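# Fold and geometry: a report
Take a look at the letters that make up each chain.
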Amino acid sequence: MATATYPPPPPYYRLYKDYLQNPKSAPEPPPPIEGTYVCFGSNYTTDDVLPTLEEQGVRQLYPKGPNIDFKKELRSLNRELQLHILELADVLVERPSQYARRVEEISLIFKNLHHLLNSLRPHQARATLIHILELQIQRRKQAVEDIKRRREDARKLLKESIATLDGN
């Protein structure tokens, strides 16, 4: 019985047989997917929207609305988390059988912290992109200045060479 190391190529490779002679003979790529699609049995969407805590079935511990002071709310949730962890330690020492409620409260705080941080991701991505672009601009300006400096050095060297040749 003979076995192949690799499977045969898909049949649409024949569409590209004249590509080297005529690159326009190849079919156009498919349009980008928009909306929802299924991949490996799971539904996905191209809309990059962060679901609310209510949509996830989690109680929101910080105020709702577009004007959230993220710094203040993150600090508040962090303090609350520290307090609940200390309370959990106290419960574990005094009443070990009653720890489950405290763990659920801590889990709720973590989910709220996580959601707040995830809602800052677009801002972080924009800031990172701006920083990268500023670095690229700075590097390019330095490269231009380096080229100008080397050009002037080459001109000076050329003038000196011409002067030396004329002097002999």
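Let me begin by describing the structure that accompanies this report. Here the structure is a predicted model, which is why all the values come from computation and not from measurement.

What counts, and at which threshold
- Note on numbering: residues in each chain are counted from 1, in written sequence order.
- The predicted nature of this model means local features are confined to residues of pLDDT at least 70 and side-chain atom pairs, given and counted, to a pLDDT of 80 or more, with totals for whole chains, interfaces and linings taken over all residues.
- The side-chain numbers reported here are obtained from all heavy atoms of the structure, hydrogens and water having been left aside.
- Numbering goes from the N terminus for both helices and strands, where a helix is a DSSP run of H or I of at least four residues and a strand is a run of E of at least two.
- Contacts are assigned to residue pairs that have any heavy atoms within 4.5 Å of one another.
- To define a nonpolar core, start from buried Ala, Val, Leu, Ile, Met, Phe, Trp, Tyr and Cys residues and group those joined through side-chain atoms within 4.5 Å.
- Think of it in three bands: residues with accessible area under 20% of the maximum for their type are buried, residues over 50% are exposed, and the middle band is partly exposed, with areas taken using a 1.4 Å probe on protein chains only.
- Expected span of a helix, by definition, is 1.5 Å for each gap between consecutive residues, and there is one gap fewer than residues.
- A pair is scored as a salt bridge if a Lys or Arg side-chain nitrogen falls within 4 Å of a carboxyl oxygen belonging to Asp or Glu.

Mapped onto the elements, Glu-73 comes out in helix H1 (residues 70-94). With residues up to four places along the chain from it excluded, the contact list for Glu-73 reads Tyr-62, Pro-63, Ile-68 and Leu-116.

So, on to the side chain of Asn-112. Here Asn-112 shows up in helix H2 (residues 100-119). Among residues more than four places away in sequence, those in contact with Asn-112 are Leu-53, Val-58, Arg-59, Gln-60, Leu-61, Tyr-62 and Leu-77.

What follows covers the nonpolar core. Counting 13 residues, the largest nonpolar core has Tyr-62, Leu-77, Leu-81, Ile-109, Leu-113 and Leu-116 as the members making the most contacts within it. Of all the elements in the fold, those that place two or more residues in this core are H1 and H2. Per element, the largest residue contribution to this core is five residues, and it comes from H2. Apart from the residues within four sequence positions on either side, Leu-113 is in contact with Leu-74, Leu-77, Asn-78 and Leu-81.

A word on H2. Owing to its 3.6 residues per turn, the α-helix aligns residues three or four sequence positions apart on the same side. Counted at 1.5 Å a residue, the expected span for H2 with its 20 residues is 28 Å, and the 29 Å between its end C-alpha atoms agrees. All of the buried residues in H2 are Arg-102, Ile-106, Leu-108, Ile-109, Asn-112, Leu-113, His-115 and Leu-116. In this fold, the buried residues of H2 make contact with H1.

Relative to the 36 Å expected for 25 residues at 1.5 Å per residue, H1 spans 36 Å between its end C-alpha atoms, a close match to the ideal helical length. The set of residues buried in H1 consists of Glu-73, Leu-74, Leu-77, Leu-81, His-84, Leu-88 and Val-91. Where H1 is buried, its residues contact H2.

Further remarks concern the pattern of salt bridges. In total, this model carries 10 salt bridges according to the counting rule given. A salt bridge links Arg-101 to Glu-105, with the nearest nitrogen and oxygen atoms 4.0 Å apart. With Arg-101 and Glu-105 both in helix H2 and four residues apart, this pair spans about one turn of that helix. Note that Asp-146 is salt-bridged to Arg-150, the shortest N-O span being 3.0 Å.

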